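# Descriptive analysis of the structure
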Amino acid sequence: MDSLVEINIYRITQEAINNAIKYADSSHILVSLSHSKNILSMVIDDDGKGFEPSKVKKVKNGDGGMGMTFMKERIKYIDGRLFLNSELGKGTRVTLNIPI
């Protein structure tokens, strides 16, 4: 893979893990990697407190919350897709699908 793609995958994964540590009070974080002929898939699961994704501020006001914005910008830059699933009390799953 191109080094810029690799760096962006690393940074997105790093942000997802940091969010699980910083905000979710997770006791376990699992990073899974798989691939097919055309897609690299990475899943970051945590068992934290979860949140309501629809309530995450989408405004860049410098008052936190920039991590999700940066994750979305990075995945777009490498022509990938990012899926975010979370439920209060049930943890969070971040899924990255990147063309290879």
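Not measured: the values here are computed from a predicted model.

## Observations regarding the nonpolar core
In terms of nonpolar packing, the biggest core is built from 15 residues, with Ile 9, Met 71, Ile 75, Leu 82, Val 94, Leu 96 and Ile 98 touching the most fellow members. Listing elements by their share of this core, those giving two or more residues are helix H1 (3-22), strand S2 (39-46), helix H2 (66-77) and strand S4 (91-99).

## As for the pattern of salt bridges
Close approach of charged atoms allows side chains of opposite charge to pair. A full pass over the atoms with the stated rule returns 3 salt bridges. Across the pair Asp 25 and Lys 49 runs a salt bridge, and its minimum N-O distance is 3.7 Å. Of this pair, Asp 25 sits in the loop between H1 and strand S1 (29-35) while Lys 49 sits in the loop between S2 and H2, and the two are 24 residues apart along the sequence. Here Asp 45 makes a salt bridge to Arg 93, at a shortest N to O gap of 2.6 Å. Of this pair, Asp 45 sits in strand S2 while Arg 93 sits in strand S4, and the two are 48 residues apart along the sequence.

Scoring rules and cut-offs
Here, residues in each chain are numbered from 1, in the same order as that chain's written sequence. pLDDT decides what is reported in this predicted model: residues at 70 or higher carry local features, side-chain atom pairs at 80 or more are listed and counted, and totals for whole chains, interfaces and linings draw on all residues regardless. The side-chain numbers reported here are obtained from all heavy atoms of the structure, hydrogens and water having been left aside. In this text, buried Ala, Val, Leu, Ile, Met, Phe, Trp, Tyr and Cys residues form a nonpolar core when linked through side-chain atoms within 4.5 Å. Residue burial is assigned from relative accessible area. The probe radius is 1.4 Å, only protein chains are included, and a residue is buried under 20% of its type maximum, exposed over 50%, and partly exposed in between. By definition, any uninterrupted DSSP run of H or I lasting at least four residues is a helix, any uninterrupted run of E lasting at least two residues is a strand, and each is numbered from the N terminus. Salt-bridge detection follows one rule: a side-chain nitrogen of Lys or Arg within 4 Å of a carboxyl oxygen of Asp or Glu.

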